[in-house]
Amino acid sequence: MIDKLAKLLATEDIIVEHRNAITASFDTKNRILTLPMWKDTSHTLETLLVGHEVGHALYTPDSGWSQMENQKKIICNVVEDARIERKMKIKYPGLRRDFYEGYKELFDKDFFKIKDKKIETMNFLDRLNLHFKIGSFQSIPFEDDEKCFVDDVENAKTWNEIIDITNRIFNFLKNIKNDLDSPPEYIRRDKSKDSDRFDQEDQEDSDEEDQEDSDEEDQEDQFSCDTQTAMDDNIAEKLIDDK
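None of these values were measured; they are calculated from a predicted model. Counting starts from 1 at the beginning of each chain's written sequence and moves along it residue by residue. With pLDDT at 70 or above as the cut-off, local features in this predicted model cover only qualifying residues; side-chain atom pairs require 80 or more to be listed or tallied, and sums for whole chains, interfaces and linings still use all residues. Just so you know, side-chain values use all the structure's heavy atoms and leave hydrogens and water out.

### Section: the nonpolar core
- Counting residues in each nonpolar core, the largest one holds 56 residues, and the members touching the most others are Leu 128 and Ile 169.
- Here a helix means four or more residues in a row that DSSP labels H or I, a strand means two or more in a row labelled E, and each is numbered from the N terminus. Take this core: its biggest share by element is eight residues, from helix H8 (residues 159-177).
- Not counting residues up to four positions away in its chain, the partners in contact with Ile 169 are Ile 75, Val 79, Phe 124, Leu 125, Leu 128 and Phe 149. Take the buried Ala, Val, Leu, Ile, Met, Phe, Trp, Tyr and Cys residues and link them wherever side-chain atoms come within 4.5 Å; each set so joined is a nonpolar core. Relative accessibility under 20% of the residue-type maximum defines a buried residue, over 50% an exposed one, and the middle range a partly exposed one, all with a 1.4 Å probe and only protein chains included. What makes two residues a contact is simply this: any of their non-hydrogen atoms within 4.5 Å.

### Here we look at the pairing of strand S3 (residues 32-36)
- Counting buried residues along S3, five of its five residues qualify, which places the element largely inside the surrounding structure.
- Judged by which residues are buried, S3 turns out to be covered on both faces: Ile 32, Thr 34 and Pro 36 on one side and Leu 33 and Leu 35 on the other are all buried.
- Note: strand S1 (residues 15-19) against S3, five bridges, orientation parallel. Bridge pairing in S3 links Arg 19 to Pro 36.
- DSSP-based pairing: two strands are paired if at least 2 bridges between them are found. One ladder, built from three bridges, connects strand S2 (residues 25-27) with S3; its direction is antiparallel. Bridge pairing links Phe 26 to Leu 33 in S3.
- In textbook terms, the turn of a hairpin is the stretch between consecutive antiparallel strands, and for S2 and S3 this stretch comprises four residues, one of which, Arg 31, has a positive phi near 60°.

### Regarding helix H5 (residues 95-108)
- Helices are assigned an expected span. That span is 1.5 Å times one less than the residue count. Taking 1.5 Å of rise per residue, the 14 residues of H5 would be expected to cover 20 Å, and the 20 Å separating its terminal C-alpha atoms lies within 8% of that figure.
- Along H5, the residues classified as buried are Leu 95, Asp 98, Phe 99, Gly 102, Tyr 103, Glu 105 and Leu 106. Projection of H5 onto a plane perpendicular to its axis shows the buried side chains occupying an angular sector of 150°, all on one side. Away from its buried face by more than 90 degrees, H5 exposes Arg 97 and Asp 108.
- In this fold, the buried residues of H5 make contact with helix H1 (2-10), helix H2 (43-59), helix H4 (70-91) and helix H6 (124-134).
- Once H5 finishes, Asp 110 follows within two positions and takes phi at roughly 55°, a positive value. In this description, one arc is meant: the one made by directions from the helix axis to the C-beta atoms.

Here's what the structure looks like:
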């Protein structure tokens, strides 16, 4: 039944596959919608997953997506998710309740793994993703220089606007990477020994080399999104425990 719903919403004979996948995804090139075989999945949650991925089928052009570099794909996926969900709710108003209740179910199950985290310390992409997916149930904080991007994503209507926002966020995050001497509050280091070295004034050459490696890892974290819902298997992140 859910397979037929996907095909009807997509208005094309897309391929629907049920796999032991981490999350739902849509292959924009081969037109394959993958649904995860989760236990105890409600009909509402299944409808949310189908509605979201069909949104990519209808509105995300493969030509623009497949040619994008990986770091920009991660950013674009977060930004595009918000646009396609908004367009799906306009095209199919009956999906509004399924989106709301489906994300409420994911929030209650702590799908995004934020229960024991301080959201204000999460990177910008994670917070942006959370805002547009579970912002109705959890307040997500943003720095003053981030709020303009939130507004832009909220109002984006076309794919060209998504590309523009993606490029601007990419440059914004690059500036953060290049300014680690005075990082924003939400940049955190996972290893305390690396944090200690970061603040030491007197370091041996070997310590400095180790610190450079650590900083490179921290910089890359700005272009990650652990809370991301996958559009493409190649950039899917492990969002839930594989049981």
